[in-house]
Amino acid sequence: MQITVIGCGYVGLTTSVALAYIGHRVHCIDQNQERVQALQNGIVPMHEMGVAELLGQLRDRISFGRWDSFNLTTEVIIIAVGTPRKDNGEADTSYVEAVARELGQRLSGDGLPIIVNKSTVPIGSARRVESVVSYYLKSRGINIPVTVASNPEFLREGVALYDTFYPDRIVVGANQGEAINILREMYAPILEQTFIPPEFLPRPDSYNLPAFITTTPTSAELIKYAANTFLAMKISYINEIAGLAERVGADILEVARGIGLDKRIGVQYLNAGIGWGGSCFGKDVQALIHTAGQYDYDMPLSSATIQVNLRQREEIIRKLQSALKVLRGSTVGLLGLSFKPGTDDLRDAPSITVAKRLIEMGAHVKAYDPVAMENCRKSHPELDMLYANSAEELAHGSDALVLVTEWKEFLSLPYNQLGKLMRQKVIVDGRNVLDRQLLTEAGFNYIGVGR
Ligand SMILES: NC(=O)c1ccc[n+]([C@@H]2O[C@H](COP(=O)([O-])OP(=O)(O)OC[C@H]3O[C@@H](n4cnc5c(N)ncnc54)[C@H](O)[C@@H]3O)[C@@H](O)[C@H]2O)c1
């Protein structure tokens, strides 16, 4: 099929590469000239496992351009632009609106393609896009029905391609059977797993075919927000229990395992620590609460999910305070900046909140991250922070280290030697992933979360 994807960000680019890999022809449009140019030259402007590799193999099936390259013969148009959080918590749909206007001004009357909202958008957005596109088409004398389907995305950054090739389910919300059929056809190689997996992403042995869930656009839109809020709530829940575990003298790792092995609960997303971050959880939970507010409906569980998460970041400062006593003048080294391993994404990253807070309190902050430092320099010039080139440089002269991102390489650092470079041997394990016994034996004051 001929597919146009609007927005070459984490979602748009991953989707484009995966759709090209399973046999479609994909043209990807972005308004950001720098991004388009990089992609045209085969450079992937973000860190996401396997995307650059596949792009290199698929150059004949995938192309990039700005809006002037929009092709009228496309069968499906996938909207994957950002929907960031406004100050009042609402989702900012201005990028989606701009895309709808562009489409209404560009599409012709013959063989109108199916328009698909893959961006996470508030309830009613499929209808809204339909009406904006129709309005602009009508103003050009084109009076034919426009079809907009909702097809929310559930991929996780860091393993985005894996999630796209091997999803648990694909959700399509549409009022027209034709749209559902076209999307079923588009996703057929994934739904039936008929594609040959990329070498670096083998199909997991235990993988079952994904469910294809068809519903209304409204339900599809709510599914996305409800799923993200639930995942964020699960993490906030275990963090709330972790706080109590610390007080009563229980170990949250054992508690979480004891809870999670119950199949009704599940072990995933039960890791206590510094809390969740990233571009989606915070903004999506806020957007859900905002939507509920428009109906005068309270969502106390969702609101508490955010509060607990913010408290968790503050807890890290409290732990440092109790170990170092005075933060002013001390040096704290952050191990990791990205909101999770496998990505350079810093949107709503706990590292930024912790760094800001420490700087406000008069501490010197150093940071080391294997991939996100350049992005951090660019996107947070306000942070008066030293960037270290290695974990050794980070440890040198530090009073404490805080493990913020659980990059694999941080699990096996030579902590014994790092400790010798430090002024004081304090380590706050913000992800509960380090070997407490090993660190204690190396003379560290090891401080986990909920342990
Ligand atoms: N990142 C994730 O993990 C993830 C997961 C699931 C869903 N989502 C949702 O997917 C959507 C996209 O997220 P993302 O992280 O890929 O965003 P992103 O910021 O990485 O990318 C968005 C891209 O859209 C482009 N763009 C904006 N307006 C445009 C326009 N009018 N025309 C053409 N291009 C335009 C931007 O230049 C940018 O390159 C959001 O709604 C997000 O909530 C994201």
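Going by the structure above, here's the rest.
So, here is what we can say about the structure in this document. Note that the structure is predicted; figures quoted are calculated from it, not measured.

With that settled, the discussion passes to the overall build of the chain. Along the backbone of the chain there are 17 helices and 14 strands. What you see for the chain is a C-alpha radius of gyration of 24 Å, in line with the 22 Å of a compact globule of 451 residues. Overall size of the chain, expressed as C-alpha extent along the three principal axes, is 75 × 50 × 45 Å. Within the span of the chain, comprising 451 residues, buried residues form 55% of the whole. Put simply, of all contacts in the chain between residues at least 6 apart along the chain, 74% involve residues at least 24 apart.

A separate point is the pattern of salt bridges. Taken as a whole and assessed by the stated rule, the structure comprises 21 salt bridges. When the shortest N-O distance is used, the salt bridge between lysine 118 and glutamate 153 registers 3.1 Å. In this pair, lysine 118 is assigned in the loop between strand 5 (114-117) and helix 5 (125-139) and glutamate 153 in the loop between strand 6 (148-150) and helix 6 (160-165), connecting sequence segments 35 residues apart. Residue lysine 118 shares its accessibility class with glutamate 153, and that shared class is buried. Here glutamate 315 and arginine 318 are joined by a salt bridge, their closest N and O atoms 2.9 Å apart. Highlighted residues: glutamate 315 and arginine 318, both in helix 11 (residues 300-324), separated by three residues, approximately one helical turn.

Spatial strand order, 11-10-9-12-13-14: six strands in an open sheet with parallel pairing. Edge positions in the sheet fall to strand 11 (385-387) and strand 14 (445-447), since each has one partner strand and no second. When strand polarity is set aside, the average angle formed by the axes of neighbouring strands in this sheet is 20 degrees. Looking at chain direction, strand 13 (residues 426-429) and strand 14 are connected through three bridges and run parallel. Bridged to valine 426 within strand 14 is asparagine 445. Each of strand 9 (331-335), strand 12 (400-403), strand 13 and strand 14 touches helix 11; the most contacted strand, strand 13, lies at about 160 degrees to it. Set on the sheet, helix 12 (residues 350-360) makes contact with strand 9, strand 10 (364-368) and strand 11; between it and strand 9 the angle comes to about 175 degrees.

So, how was this worked out
Residues numbered from 1 in each chain as written. Predicted model: local features only at pLDDT ≥ 70, side-chain atom pairs only at ≥ 80, totals over all residues. Heavy atoms only, no water. Helix = DSSP H or I, 4+ residues; strand = E, 2+ residues; numbered from the N terminus. Rg over C-alpha atoms; globule rule 2.2 N^0.38 Å. Buried < 20%, exposed > 50% of the residue type's maximum accessible area, 1.4 Å probe, protein only. Contact = heavy atoms within 4.5 Å. Salt bridge = Lys/Arg side-chain N within 4 Å of Asp/Glu carboxyl O. Pairing = 2+ DSSP bridges. Axes fitted to C-alpha atoms, helices over the stretch in contact; angles between N-to-C directions.

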